[in-house]
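Listed below, chain by chain, are the residues.
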Amino acid sequence: MSLPKYQHFINNEWCDPTNNMWYESFNPYTAKPWCLIPKGNKEDVELAIGSAHQAFKTGEWPTLTPTQRGQLLYKLGDLIAEHADKLAEIEVMDNGKLISEMSAQLHYLPQWFYYFGGLADKIEGSVIPIDKPQVFNYTRYEPLGVVVAITPWNSPLLLASWKIAPALAAGNTIVLKPSEFTSASAFEFAKLFKAAGFPPGVLNVISGFGRDIGDDLVLHPQVAKVAFTGGTETGKRVYENAAKGIKKVSLELGGKSPNIVFDDANIDNAVKGVISGIFAATGQTCIAGSRLLVQASIHDEFVDKIVKLAKTAKMGDPLSFETQVGPVSTEPQFEKILSYLKLAKEEGAHCVLGGDRAKSSQAGTGWFVEPSIYTHVHNKMRIAQEEIFGPVLAVIPFKDDEEAISIANDIPYGLAAGLWTNDIKRILELSNKLQAGTVWVNTYRMLSYLSPFGGYKMSGIGRESGKEAIYNYLQAKSVWISTQTETPNPFVMRLK
Ligand code: TXE
């Protein structure tokens, strides 16, 4: 049986990759190929960036008013809503995340297009009460130009939309390069983009391996900005390459987020929060609460409770709404997680749950890992410091508030943190002290198009969602208009 075959989307046209090469994309549940993805090369990069550059400079896009851009984004949001179920299924086929999660994610996705569509015509410059007579000074915000958006495999369309919606609202054009592991949904998205009526070249989607075309995309002289979500090592390389052209960059990188439980918390809620923080999406989220910091006075009782709840998790087909833990998305990621399970043993952590690849008859033939919990972890161990990106929880006890905050912040990352307590003074103090872009109190893993998201420290640069996001795709211009009748001394800069 022949597999469905995707094509590149350039200048609103579907085209084969220039080298006529495709590769297989695998379904993580079966570990079998299910579709063919174009294997883009440098020439495809040239075509896609050329198209985006042309569309930014000439043609219809720059002539549209911000209101008209916003209306196109609304239309796209409506089309995503209409096709959400199909898009969710494609995501599951490609990345193995649960249909219950992807369906909710895809039905929520249009909100980013409505929000940024609405914001498109509300970006206002200002008139500055300038400190010089007979001069009128005002600011305006202008788009940057061609944006390269590079996205990972864990939430492909969500993370792409966090870039596409604000970048288009601001008037830029885009080349999207989805992860080589999960490119299908980006091409399905492009079909809706075309149907929404955007002019040619405004969004271009090409696929291929990061090692083949990543550098070409970032280094290309016609690219003004790179918006990247992915691993920290790749993020560093993207940052270095972008620096060569002094390009604007936003990076959303990894995390090793602490979920901190105090003995005065509602323990049953905290147990659920900790489990959802690490085992939802099989731990493959940048915001995974992969370090559980638990107050020593409740350590044993709390560990018993999370083990008990984690044991009930039903593994299986991610396309079934019954399944609670799905496969790992990619084979390299599966191998990476297994190597960390081995390392946990070597480092002397105690395994109280899991610790191996899944043998359960519920699991498919694909890449399944048992939900795993380790105690006797101290914060300097590699399993406590490094992002595993899998269903692996490191439990670390603490005595008091001071020790909790010190362990929580003793990490190169700073993406998110969870706090479980009923003490309002502690909530306010610790939320301020936590070095993380997002702090959840008595909840975990909440996101919205309305609220900024991004990292402190090595978790990234810039913010996605909320009003902050659109300024990642704009630049301020200051305009000075003189009304004076005579120009003063030309040899001296005018300060008054
Ligand atoms: O990510 P990569 P990988 C973390 C997680 C995971 C690790 C590796 O810890 O185990 O990263 O995952 C493109 N120039 N996260 O290898 O390589 C690549 O094609 C430009 C956390 O899958 O970062 C893909 O489109 N781009 C993360 C994208 O980068 C390049 C989500 C991400 O792939 C490139 C995913 C290059 N030189 C993994 N090389 C999060 N923050 O949520 C590759 N790419």
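Small disclaimer: the values here were computed from a predicted structure and weren't measured. Numbers given for residues are sequential positions, taken from 1 along each chain in its written order. Reporting in this predicted model follows two pLDDT cut-offs: at least 70 for local features of residues, and 80 or more for side-chain atom pairs to be given and counted; totals over whole chains, interfaces and linings ignore these cut-offs and use all residues. Only heavy atoms go into the side-chain values, all of them from the structure, while hydrogens and water stay out.

Colleague: Tell me about the site of the ligand, residues and numbers included.
Modeller: If you check the shell around the ligand, you find 27 residues, and the closest are Trp-153, Lys-177, Glu-180, Gln-333 and Lys-336. Interatomic distance of 2.8 Å between a backbone N/O atom of Thr-151 and an oxygen atom of the ligand. At a separation of 2.7 Å, an oxygen atom of the ligand approaches a polar side-chain atom of Glu-387. Protein contact buries 87% of the 810 Å² of open area that the ligand shows by itself. Here the ligand is seated within the largest pocket. The helix and strand labels rest on DSSP assignments: H or I over at least four residues marks a helix, E over at least two residues marks a strand, and numbering proceeds from the N terminus. Those elements that place two or more of their residues in the shell around the ligand are α8 (210–219), β10 (223–229), α9 (232–244) and α12 (331–346). If even one non-hydrogen atom of a residue comes within 4 Å of a molecule or strand, that residue is called near it. Polar contacts here mean pairs of N or O atoms no more than 3.5 Å apart (in protein, one a potential hydrogen donor and the other a potential acceptor; neighbouring residues in sequence count only if both atoms are side-chain atoms). Shrake-Rupley sampling with a 1.4 Å probe provides the accessible areas, and residues are treated as covered by the protein chains on show and by no other component. Put plainly, a pocket is an open set of points on a 1 Å grid over the protein atoms alone with protein on both sides within 12 Å along at least five of seven lines, a cavity is a set where a 1.4 Å probe fits but cannot get out, and a lining residue has an atom within 4 Å of a point. More than half of a molecule's atoms lying within 2 Å of a cavity's or pocket's grid points is what places that molecule inside it.

Colleague: How would you summarise the pattern of salt bridges if you had to cite specific residues and measurements?
Modeller: Think of a salt bridge as a Lys or Arg side-chain nitrogen and an Asp or Glu carboxyl oxygen that are within 4 Å of each other. By the definition in use, this model includes 23 salt bridges. Residue Lys-39 pairs with Asp-212 through a salt bridge whose shortest N-O separation is 3.3 Å. Note that Lys-39 is positioned in the loop between β4 (32–38) and α1 (42–57) and Asp-212 in helix α8, a separation of 173 residues in sequence. Put simply, Asp-401 and Arg-426 hold a salt bridge, and the shortest N to O gap is 2.9 Å. Here the residue Asp-401 occupies a position in helix α14 (residues 401–409), and Arg-426 occupies one in helix α15 (residues 424–433), the gap between them amounting to 25 residues. Working definition: with a 1.4 Å probe on protein chains only, accessible area under 20% of the residue-type maximum means buried, over 50% means exposed, and in between means partly exposed. You can call Asp-401 partly exposed: its relative accessible area is 24%. A relative accessible area of 13% means that Arg-426 is categorised as buried. Bridged by salt links that share partners, the residues Lys-86, Glu-188 and Lys-191 form one connected network.

Colleague: Please give an account of the layout of surface pockets that cites residues and values.
Modeller: By volume, the largest pocket amounts to about 1000 Å³. Around the largest pocket sit 40 residues that line it, and Phe-228, Gly-230, Gly-231, Thr-232 and Thr-234 are the ones nearest its centre. When contributions to the lining of the largest pocket are tallied by element, the ones reaching two or more residues are α8, β10, α9 and α12. The element best represented in the lining of the largest pocket is α9, accounting for 7 residues. Grid points are joined across faces, edges and corners, and a volume is the space filled by probe spheres set on the points.

Colleague: Give me the lowdown on the nonpolar core, citing residues and values where you can.
Modeller: Remark: nonpolar core denotes a set of buried residues (Ala, Val, Leu, Ile, Met, Phe, Trp, Tyr, Cys) joined through side-chain atoms within 4.5 Å. Phe-113, Phe-198, Val-261 and Phe-302 are the most contacted members of the largest nonpolar core, which totals 92 residues. The greatest single-element share of this core, amounting to 10 residues, is contributed by helix α6 (residues 156–169). Where each domain starts and ends follows an automatic or database-derived domain assignment. In this structure, this core is formed jointly by two domains, domain 1 (8–253 + 459–478) and domain 2 (258–441), each of which donates at least three residues. Contact definition: two residues touch when any of their heavy atoms are within 4.5 Å. If near-sequence neighbours (up to four positions away) are discounted, Phe-113 is found in contact with Leu-73, Tyr-74, Leu-76, Gly-77, Ile-80, Ser-161, Ile-164, Ala-165 and Phe-189. One finds Leu-343, Ala-349, Ala-384 and Ala-404 within the second-largest nonpolar core, a separate group that totals 33 residues.

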